[in-house]
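Below are the chains, spelled out letter by letter.
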Amino acid sequence: MMQPRVSSSDNVKELAQARGSAYLQPRASHRLFLKIILPVLALAGGFSVFAMYFTRLQIGFPVVGTSFQPCVEDTGGLEQWIRPPSDLMHSMSDEELLWRASWVPQVKRYPFKRVPKLAFMFLTRGPLPLSPLWERYFRGNEGRYSVYLHTQPSYKANFTSNSVFYRRQIPSKVSEWGQMSMCDAEKRLLANALLDLSNERFILLSESCIPLSNFNITYQYLMKSKYSFIGVYDDPGPYGRGRYNPNMAPEVNLEQWRKGSQWFEVNRKLAVTIVKDTTYYQKFERFCRPHCYVDEHYFPTMLTIESAHRLANRSVTWVDWSRGGAHPATFGRSDISEAFLKRIHDGQNCSYNDNHSSLCFLFARKFAPSSVEPLLELAPALLGFGL
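Residues numbered from 1 in each chain as written. Predicted model: local features only at pLDDT ≥ 70, side-chain atom pairs only at ≥ 80, totals over all residues. Heavy atoms only, no water.

To keep it simple, the criterion reads: UniProt positions are given in the numbering used here, feature names are shortened, and annotations may be inferred rather than shown by experiment.
The name given to the protein chain in an unreviewed UniProt entry is Core-2/I-branching beta-1,6-N-acetylglucosaminyltransferase family protein, and the organism recorded there is Zingiber officinale. Recorded under Subcellular location (unreviewed entry), the UniProt text for the protein chain is reproduced unchanged: "Membrane".

See below:
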């Protein structure tokens, strides 16, 4: 009969050592596994962070320094809403631009220190031969004006970096005198200028315009005005009501048809009224042709219907029609003299804020490129700037 085995202390010790080695072997294997897998995981994690960082850069999300926070988006503060565009050559279509420019804050009080600015909008074919005169006009008034250039699309300006016109071109399209494309260009200028919330008054000028007073007089005159300045009148003749098309009713009736100067100055409220319009635009685009000269009727008629009480019914840009013809007189070097400039200033009589005024014109046209040198010489004494 076999006796049951009784384990000795040595046997017990051997059994314990055997069991211990059985537990130690897997733990050693786990260490080896961790030594291999942890570096791989660290490398993969680093690659994921880099990939997310690079992706954010590609799609335009801001990444500041090296402290990347993948789960926290930078919503930005007020600055991103009130800062004017740093580059005027955006990629928006006209439809997108007009929509964006028509945004109007519903709270009247601005939550930041706002310095109202004059927006000078130059509608030109290309070069600005009178730019040296304008450079002197703007000098020392930084922060109180903005400049915008609408040129033919093919024109590339070459102003130096210290010029007020440097990089002030906006995305432009071909515009033709008397056509709806001219009004499109004017709306394009207004819309781009409206993107700067500090622009309060908007002045349409051509390459042949000159200032008649120093900047401070212009600034105070426009900022304190209760009205916007656009020439509006009812012309009963063939070049006024004679251009009216009955198909424009009921939006525009014959009694509402108006004519006026293309060169206007409007406040911010009316600038928004112009860029947001689609109702009157469609009527003028379809029925103010072929010899209607839509740029003389569209804005004067629309603003008379919508906001007649906000109009001064006159322009602040002087022109000379005394020579007759379809265009006003053009003045060159031989025309510019002290007597000539005094004649423009003297004898003015108009209404300003419902009171009599002898200061009626702030700008004048048309001036040829040859006029710039004598104008620069006379500007300090007769125009009040350029010393």
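**Observations regarding the pattern of salt bridges**
Charged atoms that come close allow side chains of opposite charge to pair. Definition in use: Salt bridges, as used here, are contacts in which a Lys or Arg side-chain nitrogen is within 4 Å of a carboxyl oxygen on Asp or Glu. Helix numbering and strand numbering both begin at the N terminus, where a helix is a DSSP run of H or I of at least 4 residues and a strand a DSSP run of E of at least 2. In this scheme, a residue with accessible area under 20% of its type's maximum is buried, one over 50% is exposed, and one in between is partly exposed, where area comes from a 1.4 Å probe on protein chains only.
In the structure shown here, the tally under the stated rule is 15 salt bridges. The partner of Glu200 in a salt bridge is Arg114, and the shortest N-O contact between them spans 2.7 Å. With Glu200 in strand E3 (residues 199-206) and Arg114 in the loop between helix H3 (94-101) and strand E1 (117-123), the pair connects residues that are 86 residues apart, well separated along the chain. Note on Arg114: relative accessible area 17%, which makes it buried. A salt bridge links Lys117 to Asp196, with the nearest nitrogen and oxygen atoms 2.6 Å apart. Of this pair, Lys117 sits in strand E1 while Asp196 sits in the loop between helix H5 (180-194) and E3; the two residues are 79 residues apart in sequence, bridging distant segments of the chain.

**So, the environment of Thr301**
As a reminder of what qualifies: Working rule for contacts: check all heavy atoms of both residues, and any pair within 4.5 Å makes them a contact.
Among the structural elements, Thr301 can be located in helix H9 (residues 298-307). Judged by relative accessible area, which is 0%, Thr301 ranks as buried. In this structure, Thr301 is in contact with Val252, Gln256, Trp257, Arg258 and Phe284, ignoring residues within four places of it in sequence.

**A few points about the sheet that holds strand E2 (residues 145-150)**
Note the threshold: By definition, two strands form a pair when at least two bridges between them are found by DSSP. To obtain each axis, a line is fitted to C-alpha atoms, and for helices this fit is confined to the stretch in contact; angles are then taken between N-to-C directions over 0 to 180 degrees.
Pairing is mixed in the open sheet, where 4 strands are placed in the order E2-E1-E3-E5. Every interior strand has two partners, whereas the edge strands, E2 and strand E5 (265-267), have only one. Strand-to-strand twist of the sheet, defined as the mean angle between neighbouring strand axes without regard to direction, takes the value 20°. Two elements, E3 and E5, share 3 bridges in a ladder whose sense is antiparallel. Note that in E5 the partner of Arg201 across the bridge is Asn267. Most of the contacts of helix H4 (residues 131-138) go to E1, to which it runs at about 175°, and overall it touches E1, E2 and E3. Across the sheet, helix H7 (residues 268-276) lies against E3 and E5, angled at about 100° from E5, the strand it touches most.

**Points about helix H6 (residues 215-223)**
As a reminder of what qualifies: In protein, a polar contact means a hydrogen-donor-capable atom and an acceptor-capable atom, both N or O and within 3.5 Å, with residues adjacent in sequence counting only if both atoms are side-chain atoms; elsewhere, any N or O pair within 3.5 Å suffices.
Those residues of H6 not exposed but buried are Phe215, Thr218, Tyr219, Tyr221 and Leu222. Where H6 begins, the side chain of Asn214 points an oxygen toward the backbone nitrogen of Asn216, at a separation of 3.1 Å.

**Focus: the pairing of E2**
For clarity, the cut-off: Place the viewer so that the strands point away; then a crossover is right-handed whenever the path from the first strand over the helix to the second strand goes clockwise.
Burial analysis of E2 places 6 of its 6 residues in the buried class, the great majority of the element. Of the two faces of E2, the one carrying Tyr145, Val147 and Leu149 and the one carrying Ser146, Tyr148 and His150 are both buried. For E1 and E2, the ladder comprises 6 bridges, and the chain directions are parallel. Bridging from a neighbouring strand, Phe122 pairs with Leu149 of E2. Handedness of the crossover is the feature at issue here: the chain leaves E1, passes through H4, returns alongside E2, and the resulting connection is right-handed.

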